[in-house]
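Secondary and tertiary structure notes
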There are 2 protein chains.
Amino acid sequence: MNLKRIHHIDYVVRDLSRAIEQYRKIFNVPLENRERLESRGIELARFRLGETWIILVQPVRDNSPVKRFLDEHGEGFFHIAYEVSDVEGVASDLKARGIKLMPDSPRRGVEGWKLVDIAMEETLGVMTQLVESS
Amino acid sequence: MNLKRIHHIDYVVRDLSRAIEQYRKIFNVPLENRERLESRGIELARFRLGETWIILVQPVRDNSPVKRFLDEHGEGFFHIAYEVSDVEGVASDLKARGIKLMPDSPRRGVEGWKLVDIAMEETLGVMTQLVESS
């Protein structure tokens, strides 16, 4: 696998509008985009910082995985995503080496990003995604 | 304030040697540096990823703040650090706007980095540093 960069860092928040205001107040970074991803039950706001996206994520559905995470852990760091050039190939390679992925093969995120999550016990307790963003 | 990039992401770990091995096994990134920072009671390992350092941090003293964090939260994400060009100026500006810093003025990290922490309640529950690395 060849990691290219940190593609994005997600923060989970309770109230996206309030969080956007707070993030901008502290860091003075312009908001790039705000969108809903119905398939995941989330609304998200993206800020660009160098080669990385900072993404604030609010669950908008009670049964979304993000809502369960928020209820359990509260607001804060959610996950880190590393960019790779061939996520299908990397996923196959990791599986062949006995490393657990969730789900078993890549899914689609915003803007057609192809994502796969590595099980947390493999990644030092940090929720981690691999992303191919074309 | 002008954020330049994500300067580093810290992971807190129990056993640095084991964590280095695991990080390399999964991500296949070369280790850049391993060092001790006695003033903070930590040992750390740095990996370079694009414009950002990934830093694994193990407490090596029972009374270090990192040890307290590890005991309370377990292994995982520790903090995110954003690079700024003038950390003293940024710290003054934030204080003038009523934003709480810890400590009140920048301290030194590895390689002469000048660091200041922003109180977590200001940063959406994510431990956050500002860094000037010259």
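Anyway, here's the lowdown on the structure attached to this text. Quick caveat, the model's predicted, so the values are computed rather than measured.

Taken as a whole, this structure holds 13 aromatic pairs over all chains when the rule is applied. Relative to Phe77(B), the ring of Phe77(A) has its centre 3.8 Å away and its plane inclined at 0°; by these criteria the two rings are stacked. Of the two residues, Phe77(A) sits in strand S5 (residues 76–83) while Phe77(B) sits in strand S5 (residues 76–83), which places them in two different chains. Take Phe77(A): its relative accessible area is 13%, and that puts it in the buried class. Here the aromatic rings of Tyr11(B) and Tyr23(B) are separated by 6.0 Å at their centres, their planes lie at 90°, and the arrangement is edge-to-face. Of the two residues, Tyr11(B) sits in strand S1 (residues 5–12) while Tyr23(B) sits in helix H1 (residues 16–27), which places them twelve residues apart along the sequence.

Quick look at the interface of chain B and chain A now. Each partner contributes to the interface: chain B provides 40 residues, whereas chain A provides 40 residues. Across the chain B/chain A interface, buried area totals approximately 3,200 Å², and carbon plus sulfur atoms make up 66% of it. For chain B, the biggest contributors to the area lost against chain A are Ile26(B), Phe27(B) and Leu124(B); these three give 23% of the whole. Summed over the shared surface of chain B and chain A, the result is zero salt bridges. Put simply, chain B and chain A have eleven residue pairs in polar contact (both at pLDDT 80 or more) between them. Within the residue set of the side of chain B that touches chain A, elements represented by two or more residues are S1, H1, strand S4 (52–59), S5 and strand S8 (128–132) of chain B. Grouping the amino acids of the side of chain B that touches chain A by side-chain chemistry returns 23 nonpolar, eight polar and nine charged.

For the rest of this paragraph, the subject is helix H1 (residues 16–27) of chain A. Think of an α-helix as turning once every 3.6 residues; residues three or four places apart then point the same way. Residues and elements named next belong to chain A. The end-to-end C-alpha distance of H1, which contains twelve residues, comes to 16 Å, matching closely the 16 Å that a straight helix rising 1.5 Å per residue would cover. The set of residues buried in H1 consists of Leu-16, Ala-19, Ile-20, Gln-22, Tyr-23, Ile-26 and Phe-27. One side of H1 carries all its buried residues, which in axial view fall inside an arc of 165°. The N-terminus of H1 is capped by Asp-15, whose side-chain oxygen sits 3.2 Å from the backbone nitrogen of Ser-17. Count one or two residues on from H1 and you reach Asn-28, which has phi positive near 60°.

Right, let's talk about unusual backbone geometry for a bit. Residue and element names in this part refer to chain A. Along the chain, Met-102 connects to Pro-103 via a cis peptide bond; the corresponding omega equals -10°. By secondary structure assignment, the location of Pro-103 is in strand S6 (residues 101–108). The phi angle at Asn-28 is positive, at roughly 60°, despite the residue not being glycine. Structurally, Asn-28 can be placed in the loop between H1 and strand S2 (31–37).

Let's shift gears to the pairing of strand S7 (residues 114–118) of chain A. Residues and elements named next belong to chain A. By the criterion of burial, S7 is predominantly enclosed, with five of the five residues buried. With four bridges joining them, S6 and S7 adopt antiparallel strand pairing. Across the sheet, the residue bridging to Met-102 is Asp-117, located in S7. Hairpin connection between S6 and S7: a loop of five residues separates the two successive antiparallel strands, and Glu-111 in this loop has a positive phi of roughly 55°. Two strands pair when backbone bridges link them, and S7 and strand S8 (residues 128–132) are joined in this way by five bridges, in the antiparallel orientation. For Lys-114, the partnering residue across the bridge sits in S8 and is Glu-132.

Cut-offs applied
Residues numbered from 1 in each chain as written. Chains lettered and ligands numbered in written order. Predicted model: local features only at pLDDT ≥ 70, side-chain atom pairs only at ≥ 80, totals over all residues. Heavy atoms only, no water. Phe/Tyr/Trp six-rings, centres within 6.5 Å; stacked < 30°, edge-to-face > 60°. Helix = DSSP H or I, 4+ residues; strand = E, 2+ residues; numbered from the N terminus. Buried < 20%, exposed > 50% of the residue type's maximum accessible area, 1.4 Å probe, protein only. Contact = heavy atoms within 4.5 Å. Buried area = accessible area lost by both parts, 1.4 Å probe. Salt bridge = Lys/Arg side-chain N within 4 Å of Asp/Glu carboxyl O. Polar contact = N/O pair within 3.5 Å; in protein donor to acceptor, adjacent residues only side chain to side chain. Nonpolar A, V, L, I, M, F, W, Y, C, P; charged D, E, K, R; others polar. Expected span 1.5 Å × (residues − 1). Arc of directions from axis to C-beta. Pairing = 2+ DSSP bridges.

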